[in-house]
Amino acid sequence: MTDEATITCDLLVIGGGMAGMSAAGWAAARGARVIVVEKAAALGGSALLSGGVFWTASSREKIELYGGGDPALAGIVFDTYPAAVAWLRSRGIQMSPRIDVLHGQGYQIDIHAHIRGCADLVEQHGGFVILETETTALLQDEDGTVTGARTRHVDGEVTVRAAATLLATGGYQASPELRARYIHPQAERMLLRANPISDGAGLRLGAAAGGEVAGTNAGFYGHLVSEPRVWDDERLYVALSQYHSEHALLINEAGERFCDESFGDHANTAQTVRQPGSRAICFWDSRAHAAYATVPVVSVGIPLDKMQVAIDNGGKGVVAGTLDEVAAFADAHGFDGAATCATIAAFNHQARHGWEVMDPPRTDDFAALDKPPFYALIVHPAITFTFGGLTIDTGARVLRADGTPVPALFAAGSDAGGAFGRGYAGGLALAATFGITAARSAGWA
Ligand SMILES: Cc1cc2nc3c(=O)[nH]c(=O)nc-3n(C[C@H](O)[C@H](O)[C@H](O)COP(=O)(O)OP(=O)(O)OC[C@H]3O[C@@H](n4cnc5c(N)ncnc54)[C@H](O)[C@@H]3O)c2cc1C
C-alpha cells in the first residue's frame, strides 16, 4: 500500500468468475501480486452456476465450423485447452473421466475448488480478493496506457495502480438495453439464465479507455426453456432447458420451421429470439422423447422427463395422440395450427423422400417424428452469455478500432468478443483459456 487510498499490484483483475480467477491464479502462481475486484458478495459468477463441464471442440475444424467465430481467436481456445487441463490436474482439481459434449470432449471439474484455489493462490502471493467492489473508471496516462482503476467499496474509494489490467466481468447478458442494442430488439425481454451481475461493465470500461466494441457480433449462448411459473430459482436453468430441440422441430407462430434445428439448442435459441413473439413450438415424438427428452445431455447429468418437468413448473405443452390435437393446442396459443401440422407432415415426408430439399435445411438427424404420442411445448429463449464484446487480439489485448492495442489492457471470457459467432465450443474453456492467455501476455507465462 502506498497510501490509505491507493494500492499497487502487477495485475488488476476486474471480475472474479472463470476468466478472472483463472488469470489471477495463473499469474499469482508465477509470482505476480494480483488484486481481484469483484462486484458481487461472492466469487464465481456464472461459473458457479454451471455444471462445471470443461470442454471444447475435438478439432480445430470443428471449433471453426460449429463456433462460427474468428478462426484465430477460436484457435487460441483449442490450442490453450491442453495447458488449462494440465494446470487443473497439477493442482489436484477433481475431474471426471472424459465425456462427450456436443461436437467435442471434456471433463466435469470441481469448479468450486478451481475458483477457491485460484483465490488462495492470489492471497499466498501477496495479493487480495476484494468483494462487493465497483470499478468506476480505468486510469490512463497521457499515451493511453491503462495504469489501473478507481474502485468503490462500502468502506470508501480505492485507487488500484497496476502494470496490467484485465476486464473479466462476464459479458452484458444482464443488461436488457445492451441485449436490444447488440443482439435484437426482441432480446430486451429475453429471460436471463446466468448470474444477474454481468451487465456490460467490462464493455463500458473498455470502450471508455478506447477499446472497440464489436457491434456486429449478435451471437449469444443460451437455451430454449419452457414457460416458467417463476424464474428466480437457479435450478430451473437446467431443468427447464430443452436441450433436445436439436432432435425436434421448431415451429414459429406462422406455423413454419425457421432454422436448422440439428445445429444445437444453443444456436436454435439465438434463432428463436428473432421470431414473431420471440417463441416457438418445440415438437417431437415418442421415439425422440425416449432417446433425448428423458436422457441427460451429458453423461454426468441427471435424467429428467423434460416435458413433465416443464408442465409441473407452469410450461404450456401437450402430449397428444394425434396431430389434430397438436393443431388445436397450437391454435389455442396463438400459433397457426393448420400450418404447424402441414410443416410436421412435410418434414416427415422429406425425412424419408427428400432430405435434400428441406427448407430450412438440416445437417443432422433426419429421423421422422411420426410415432405417437406427440409432444408440443412452447419454448422461449433464455440467455447465458454473449459472444460479442471488446475486440481483442490473440494475446487477449483490447484493440482500438484502428487495430492497435490499448496498452496494458486485456479482456477475457464473455467480456471479449469474436471467438464464437453462431455456435460455441465451451464457455468455461473460452474463459479459462483467454484468462491464461491474458496472464501470459501480461508477462506471467
Ligand atoms: C446454468 C449454467 C450452466 C452452465 N454450464 C456450463 C458448462 O457445463 N460448461 C461450460 O463450458 N459453460 C457452462 N456455462 C457457461 C459458463 O459458466 C460461462 O461461460 C463462464 O462462467 C463465463 O466466464 P466469465 O468469467 O466470462 O463470466 P463469469 O464466470 O460469470 O464471471 C464474471 C464475474 O464478473 C463479476 N462482475 C460482473 N460485473 C462486475 C463489475 N462491474 N465489477 C467487478 N466484477 C463484476 C460477476 O459477478 C462474476 O463473478 C453455464 C452457465 C450457466 C449459467
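As the structure is a computational prediction, the values presented were derived from the model and not from experiment.

Undergrad: Before we move on, can you summarise unusual backbone geometry with the specific residues and values?
TA: Of note, the amide linkage connecting Asp359 to Pro360 takes the cis form, showing an omega dihedral of 0°. Along the polypeptide, Pro360 turns up in the loop between α12 (337–353) and β15 (374–386). With an omega dihedral of 0°, the bond running from Pro372 to Pro373 counts as a cis peptide bond. Secondary-structure assignment places Pro373 in the loop between α12 and β15. Unlike most non-glycine residues, Ala396 shows phi in positive territory, near 70°.

Undergrad: Before we move on, can you summarise the site of the ligand with the specific residues and values?
TA: Near the ligand you find 37 residues, and of these Ala19, Glu38, Ser46, Val53 and Leu428 are the closest. One of the backbone nitrogen or oxygen atoms of Ala19 is found 2.8 Å away from an oxygen atom of the ligand. Residue Leu428 places a main-chain N or O atom 2.9 Å away from an oxygen atom belonging to the ligand. Within the complex, 96% of the 990 Å² of free accessible area of the ligand lies under protein.

Undergrad: Explain the sheet that holds strand β4 (residues 99–101) residue by residue, including any values.
TA: Strand order in the open sheet formed by three strands is β3-β5-β4, and the pairing between neighbours is antiparallel. Of all strands in the sheet, those with a lone pairing partner are β3 (53–57) and β4, marking the two edges. Strand after strand, the sheet turns through a mean of 35° between neighbouring axes, direction not considered. Bridging between β4 and strand β5 (residues 104–108) involves three bridges; their strand directions are antiparallel.

Undergrad: Could you give me a rundown of the packing of helix α2 (residues 60–67) against helix α3 (residues 71–90), with the residues and numbers involved?
TA: Relative orientation of the contacting elements α2 and α3 amounts to 130°, with a least axis distance of 9 Å. As summarised for this structure, α2 and α3 are arranged oblique, according to the angle between their axes. Handedness of the crossing formed by α2 with α3: right-handed. Here α2 contributes Arg60, Ile63 and Glu64 to the contact with α3, which in turn contributes Pro71, Ala74, Gly75, Val77, Phe78 and Asp79. Grouping the constituent residues of the contact of α2 with α3 by class yields five nonpolar, one polar and three charged.

Undergrad: Explain the pairing of strand β7 (residues 134–140) to me, and be specific about the residues and the numbers.
TA: Looking at chain direction, β7 and strand β8 (residues 146–153) are connected through six bridges and run antiparallel. Bridged to Ala137 within β8 is Arg150. In sequence, β7 turns back onto β8 through a hairpin of five residues, with Gly144 there showing a positive phi of about 95°.

Undergrad: Just give me the short version of the domain arrangement of the chain, but keep the residues and values in it.
TA: Considered domain by domain, the chain is made up of domain 1 (6–216 + 387–441) and domain 2 (221–383). Here the C-alpha centre of domain 2 lies 33 Å away from the C-alpha centre of domain 1. Taken together, the 24 residues of domain 1 in the interface contact 25 residues of domain 2. Together, the buried faces of domain 1 and domain 2 total about 2300 Å²; carbon and sulfur atoms form 66% of this surface. Taken together, the links from domain 1 to domain 2 amount to zero salt bridges.

Undergrad: Go over the packing of helix α1 (residues 18–29) against helix α4 (residues 111–124), please, and point to the residues and values.
TA: It is the contact of α1 with α4, at a shortest axis distance of 8 Å, that shows an interaxial angle of 45°. With respect to each other, α1 and α4 are oriented oblique. Between α1 and α4 lies a crossing whose hand is left-handed. Taking contact as the criterion, the partners of Met18, Met21, Ser22, Ala24, Gly25, Ala28 and Ala29 in α1 are, on α4, Ile111, His114, Ile115, Cys118, Ala119, Leu121 and Val122. Residues that form the contact of α1 with α4 fall into these classes: eleven nonpolar, three polar and no charged.

Undergrad: Tell me about the pattern of salt bridges, and name the residues and values.
TA: Evaluated as defined, the whole model comprises 13 salt bridges. Of the charged contacts, one joins Asp100 and Arg98 as a salt bridge, the two residues approaching to 3.1 Å between their closest N and O atoms. Residue class for Arg98 comes out exposed when judged on its relative accessible area of 51%. Glu253 serves as the salt-bridge partner of Arg279, at 2.7 Å between the closest nitrogen and oxygen. Here Glu253 lies in the loop between β12 (249–251) and α8 (265–272) and Arg279 lies in the loop between α8 and β13 (280–284), a separation of 26 residues in the sequence. With a relative accessible area of 23%, Glu253 lands in the partly exposed category. By sharing partners, the salt bridges in this structure join Arg257, Glu261 and Arg362 into a single network.

Undergrad: Now, about empty space enclosed by the protein: what can you tell me, with residues and values included?
TA: By rolling a water-sized probe across the atoms, one finds the places where empty space is left. Here the structure, examined in full by the defined rule, presents one cavity of 30 Å³ or more. Here the largest cavity is characterised by a volume of approximately 40 Å³. Forming the boundary of the largest cavity are Phe385, Thr386, Phe387, Ala416, Gly417, Gly418, Ala419, Phe420 and Leu430. At the level of elements, β15 and β19 (416–417) are the ones that each hand at least two residues to the lining of the largest cavity. The class makeup of the residues in the lining of the largest cavity is six nonpolar, three polar and no charged.

Analysis parameters
Residues numbered from 1 in each chain as written. Predicted model: local features only at pLDDT ≥ 70, side-chain atom pairs only at ≥ 80, totals over all residues. Heavy atoms only, no water. Helix = DSSP H or I, 4+ residues; strand = E, 2+ residues; numbered from the N terminus. Near = heavy atom within 4 Å. Polar contact = N/O pair within 3.5 Å; in protein donor to acceptor, adjacent residues only side chain to side chain. Areas by Shrake-Rupley, 256 points an atom, 1.4 Å probe, with all protein chains shown as cover. Pairing = 2+ DSSP bridges. Axes fitted to C-alpha atoms, helices over the stretch in contact; angles between N-to-C directions. Parallel < 35°, antiparallel > 145°, perpendicular 65-115°, else oblique. Left-handed = near helix turned anticlockwise from the far one by under 90°. Contact = heavy atoms within 4.5 Å. Nonpolar A, V, L, I, M, F, W, Y, C, P; charged D, E, K, R; others polar. Domains from an automatic or database assignment. Buried area = accessible area lost by both parts, 1.4 Å probe. Salt bridge = Lys/Arg side-chain N within 4 Å of Asp/Glu carboxyl O. Buried < 20%, exposed > 50% of the residue type's maximum accessible area, 1.4 Å probe, protein only. 1 Å grid on protein atoms, 1.4 Å probe; cavity = no way out; pocket = protein on both sides within 12 Å on 5 of 7 lines; lining within 4 Å. Points joined across faces, edges and corners; volume = space filled by probe spheres on them.

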